[in-house]
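Single-letter residue listing:
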Amino acid sequence: MTQAAFERGDWQAVINAHPLESHDPQEWLRYGVALLQTISLCPDGAKQQQQAALAFVQAQKEGAPVEAVAAAQRHSVMLSLSEALCSAGLEQASLAAQERCAAIQHWEGLRLQASEALMKGEWQAAQALVSDWITSPEGRTPDGVDAQTYTELLLNACCRGDQQLPLLWLIESRSLPRSGHHFLKSLLEHAWGEDFSYCEGYQEPGCCQASPCSVVAYWHFAREHQRPHLRLLKSHDFALSDATFDPLPGMLRLIQVRRPFDLLVSWLELEQLTLNRDILNASSIVLERIFLYHEPELLEEAWRVVDQGGSVMAPEQVQEWLEDKVSYIVSFLRKWLPLASPLPLADHLKGDNILLRYEDLTHWQQLLKALGRDDLKPEQFPTFAPRHQLAMKRRSTRVTELAQANRALLLQADANVMEEVPAMQELYPQPVNDQAADLTQTLPAVHTTHHPDQDPSQRA
């Protein structure tokens, strides 16, 4: 009823024609935008602003997805910005804002059509709509992303626009080693079951080596069978070459970090396995299998072999190793921390670069809820609990002695990272307490106040 007036920007006509008894969410969204666009013409602007807010609430009650409401509000902001720029004599900037408004409006209309096709099980028709969009000037494919991958991610975003459609997630994990990635994998795999897939690019057979992942078979299968799916990708970004583009619609990037001291003690422990590769091979323990699967049975046997006949690094080797790892950690943090936003445990995630500290994994139930899975029982999942009651006491006697002998170097390495990356001081303001379990350390109330030392699945 109000579509034509809305498209030509006749806001008063939209308001006058709006049927208050309407059950069409799109009518309420157009009404809310029109009210916001005419506030300056209204003698009681505060009251009209409240009416606009109520219109958006009513749109949700009538079935408008949160994403659609947010898009309508962004559209209103861009319209106001365009008008303000024009009034200031900045005509080119005003024109750019108008073009952005048109793009938002075009995409919203197309998203609704695609969602309706997906609801009918016609995912290929929805795919065709999105493909047309990304070939238009308004919807050009971002640099470095192939058109097919972008199409699939936009379709995933369309699925999140309606509660009746299955949730489809692509999650990139950019994590420092020993920062809880394997617990995250275990958690998500438990939550999604058969609807979970994983790629560890370093050793995974068939990895496409692309970011975002270009393997589309999982999304096609999920849409064909009306099933949810979550795909998790792992990278430690050792070469510091991973792309930092803003996460596209339909995907999320988690930046996983940990206190440098705890990370380095744990990493130093694992490094001793590499040092003892030959004697482990002689006992039929293959390092590649340990690093890929983190099986507790193999790890326990590996440490027994190391304690019985293995060796550990010499002091000068530890110092050189720490210098190398500190350089990498500093570079990783300087690259990724500025891009990361705090984990919004109270809200549903929509896509972004999200900071996930090791300690935040204690709130795994809220994390699942933020990803749209709040229908699961806690007893179905492993518990996030500390393995090491003392930070310097490791699984191997030899490694425990190594860590304790190099305590000063480890503390200095921690201090060096904190000095080079001040943002880490805000995340971990307390000094290292290496004589107690990590759980005793006090953290700022960014997300949590607990710091367990090991993941619940008892994996390294």
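Definitions and limits used
Residues numbered from 1 in each chain as written. Predicted model: local features only at pLDDT ≥ 70, side-chain atom pairs only at ≥ 80, totals over all residues. Heavy atoms only, no water. Phe/Tyr/Trp six-rings, centres within 6.5 Å; stacked < 30°, edge-to-face > 60°. Helix = DSSP H or I, 4+ residues; strand = E, 2+ residues; numbered from the N terminus. Buried < 20%, exposed > 50% of the residue type's maximum accessible area, 1.4 Å probe, protein only. Lys NZ or Arg CZ within 6 Å of the ring centre and 35° of its normal. Salt bridge = Lys/Arg side-chain N within 4 Å of Asp/Glu carboxyl O. Core = buried A, V, L, I, M, F, W, Y, C linked by side-chain atoms within 4.5 Å. Contact = heavy atoms within 4.5 Å. Pairing = 2+ DSSP bridges. Axes fitted to C-alpha atoms, helices over the stretch in contact; angles between N-to-C directions. Parallel < 35°, antiparallel > 145°, perpendicular 65-115°, else oblique. Left-handed = near helix turned anticlockwise from the far one by under 90°. Nonpolar A, V, L, I, M, F, W, Y, C, P; charged D, E, K, R; others polar. Expected span 1.5 Å × (residues − 1).

Peer 1: How do you make sense of the packing of aromatic side chains when you look at a structure like this?
Peer 2: Geometry of an aromatic ring pair is reported as the spacing of the ring centres plus the angle between the planes. Per the counting criterion, the structure on display carries eight aromatic pairs. Note on phenylalanine 238 and tyrosine 328: the rings are 5.2 Å apart at their centroids and 45 degrees apart in plane angle, and the pair reads as tilted. Of this pair, phenylalanine 238 sits in the loop between β3 (229-235) and β4 (251-257) while tyrosine 328 sits in helix α15 (residues 315-336), and the two are 90 residues apart along the sequence. Relative accessible area serves as the criterion here: at 9%, tyrosine 328 is assigned to the buried category. In this structure an aromatic cluster arises from ring pairing among Phe238, Trp267, Trp321, Tyr328 and Phe332. One Lys or Arg, arginine 357, reaches over the ring of tyrosine 428 and ends 5.8 Å from the middle of that ring. The ring of tryptophan 192 carries the charged tip of arginine 373 above its face, separated from the ring centre by 5.1 Å.

Peer 1: Just checking my understanding: could you explain the pattern of salt bridges for this structure?
Peer 2: It is possible for side chains bearing opposite charge to pair when their charged atoms get close. In this structure the tally under the stated criterion is 20 salt bridges. Note that glutamate 27 is salt-bridged to arginine 30, the shortest N-O span being 3.7 Å. Here the residue glutamate 27 and the residue arginine 30 both occupy positions in helix α3 (residues 25-37), the gap between them amounting to three residues, near one helical turn. This pair shows no difference in class: glutamate 27 is buried, exactly as arginine 30 is. When salt bridges with common partners are traced through the structure, they connect Glu172, Arg174, Asp242 and Arg253 into a single cluster.

Peer 1: What am I meant to see in the nonpolar core here?
Peer 2: In globular proteins that are soluble, nonpolar side chains generally tend to be buried together. The biggest cluster of nonpolar side chains holds 34 residues, and the ones touching the most others in it are Leu176, Leu264, Ile329, Leu333 and Met424. Mapped onto this core, the elements with two or more residues apiece are β4, α11 (260-275), α15, α17 (397-405), α18 (407-420) and α19 (422-427). It is α15 that provides the largest number of residues to this core, a total of ten residues. Contact partners of leucine 176, with chain neighbours within four places excluded, come to His236, Gln256, Val257, Leu263, Tyr328, Ile329, Phe332 and Leu333.

Peer 1: Is there a simple way to explain the sheet that holds β4 in this structure?
Peer 2: Strand pairing in a sheet is mediated by backbone hydrogen bonds. Such pairs are either parallel or antiparallel. Strand order in this open sheet of five strands is β2-β3-β1-β4-β5, and the pairing throughout is parallel. Every interior strand has two partners, whereas the edge strands, β2 (196-200) and β5 (353-357), have only one. Within the sheet, the average angular offset between the axes of one strand and its neighbour, ignoring direction, is 20 degrees. By the bridge criterion, five bridges tie β2 to β3 in an arrangement that is parallel. Considered in β3, the bridge of tyrosine 198 is made with leucine 232.

Peer 1: What's the story with the packing of α11 against α15 in this structure? I'm lost.
Peer 2: Helix packing for two helices is described by the angle between their axes and how far apart those axes are. Remark: α11 packs on α15, axes separated minimally by 12 Å, with the N-to-C direction vectors making an angle of 125 degrees. Taken together, the axes of α11 and α15 are oblique relative to one another. Along this stretch, α11 crosses α15, giving a crossing that reads as right-handed. Side by side, α11 and α15 meet where Leu263, Leu264, Trp267, Leu268 and Glu271 of the first sit next to Trp321, Leu322, Lys325, Val326, Tyr328 and Ile329 of the second. Tallied by class, residues from the contact of α11 with α15 come to nine nonpolar, no polar and two charged.

Peer 1: What is the right way to look at the packing of α11 against α18 in this model?
Peer 2: Two elements in contact, α11 and α18, have axes separated by 8 Å at closest approach and are oriented at 135 degrees. One finds that α11 runs oblique with respect to α18. Judged by the sense of rotation from one axis to the other, the crossing of α11 with α18 is right-handed. When α11 is examined against α18, the residues Pro260, Phe261, Leu264 and Val265 are found in contact with a partner set consisting of Leu410, Leu411, Ala413, Asp414, Val417 and Met418. When its residues are assigned to classes, the contact of α11 with α18 shows nine nonpolar, no polar and one charged.

Peer 1: Is there a simple way to think about the pairing of β5 in this case?
Peer 2: A regular strand places its side chains so that they alternate between the two faces of the sheet. The buried fraction of β5 is high, at five of five residues. Of the two faces of β5, the one lined by Asn353, Leu355 and Arg357 and the one lined by Ile354 and Leu356 are each fully buried. Sheet topology note: the β4/β5 ladder contains five bridges and is parallel. Bridge pairing links isoleucine 255 to leucine 355 in β5.

Peer 1: Sorry if this is basic, but what is going on with α11 here?
Peer 2: For the α-helix, the turn length of 3.6 residues means that residues three or four positions removed from each other point alike. For α11, with 16 residues, the first-to-last C-alpha span of 22 Å sits near the 22 Å given by 1.5 Å per residue. In terms of residue burial, α11 counts as a mostly covered element, since 13 of its 16 residues are buried.

Peer 1: How should I be thinking about helix α6 (residues 91-119) in this particular structure?
Peer 2: Taking 1.5 Å per residue, 29 residues should reach 42 Å; α6 reaches 42 Å between its end C-alpha atoms and fits that length. Trailing α6 by a residue or two, glycine 121 shows a phi angle of about 80 degrees, which is positive.

Peer 1: Help me out: how do you make sense of the environment of isoleucine 279 in this one?
Peer 2: Within the secondary structure, isoleucine 279 sits in helix α12 (residues 277-282). A C-alpha to C-alpha distance of 55 Å links isoleucine 279 and isoleucine 134, two positions 145 residues apart in sequence. Excluding residues within four positions of it along the chain, isoleucine 279 makes contact with Val305, Val306, Gly309 and Gly310.

Peer 1: Whenever I open this one, the environment of alanine 71 confuses me. Can you help?
Peer 2: Following the sequence through the fold, alanine 71 ends up in helix α5 (residues 66-87). Those residues in contact with alanine 71 that lie beyond four places of it in its chain are Ile104 and Glu108.

Peer 1: Which parts of the structure should I look at to understand the side chain of asparagine 156?
Peer 2: With respect to the element layout, asparagine 156 can be found in helix α8 (residues 147-159). With residues up to four places along the chain from it excluded, the contact list for asparagine 156 reads Leu168, Trp219, Arg223 and Gly250.

Peer 1: How do you make sense of the environment of glutamine 256 when you look at a structure like this?
Peer 2: Inspection of the secondary structure assignment puts glutamine 256 in strand β4. Accessibility expressed as a relative area gives 0% for glutamine 256, which makes it buried. Along the primary structure glutamine 256 and glycine 180 are separated by 76 residues, whereas in three dimensions their C-alpha atoms are 7.5 Å apart. Not counting the four nearest positions on each side in its chain, glutamine 256 is found in contact with Ser173, Arg174, Ser175, Leu176, Ser179, Gly180, His181, Leu184, Phe332 and Leu356.

Peer 1: When you look at the pairing of β4 in this model, what are you seeing that I'm missing?
Peer 2: For β4, a buried count of seven out of seven residues is recorded, marking the element as mostly surrounded by other parts of the structure. Sheet topology note: the strand β1 (residues 168-175)/β4 ladder contains six bridges and is parallel. Counted as the bridge partner of isoleucine 171 is leucine 252 from β4.

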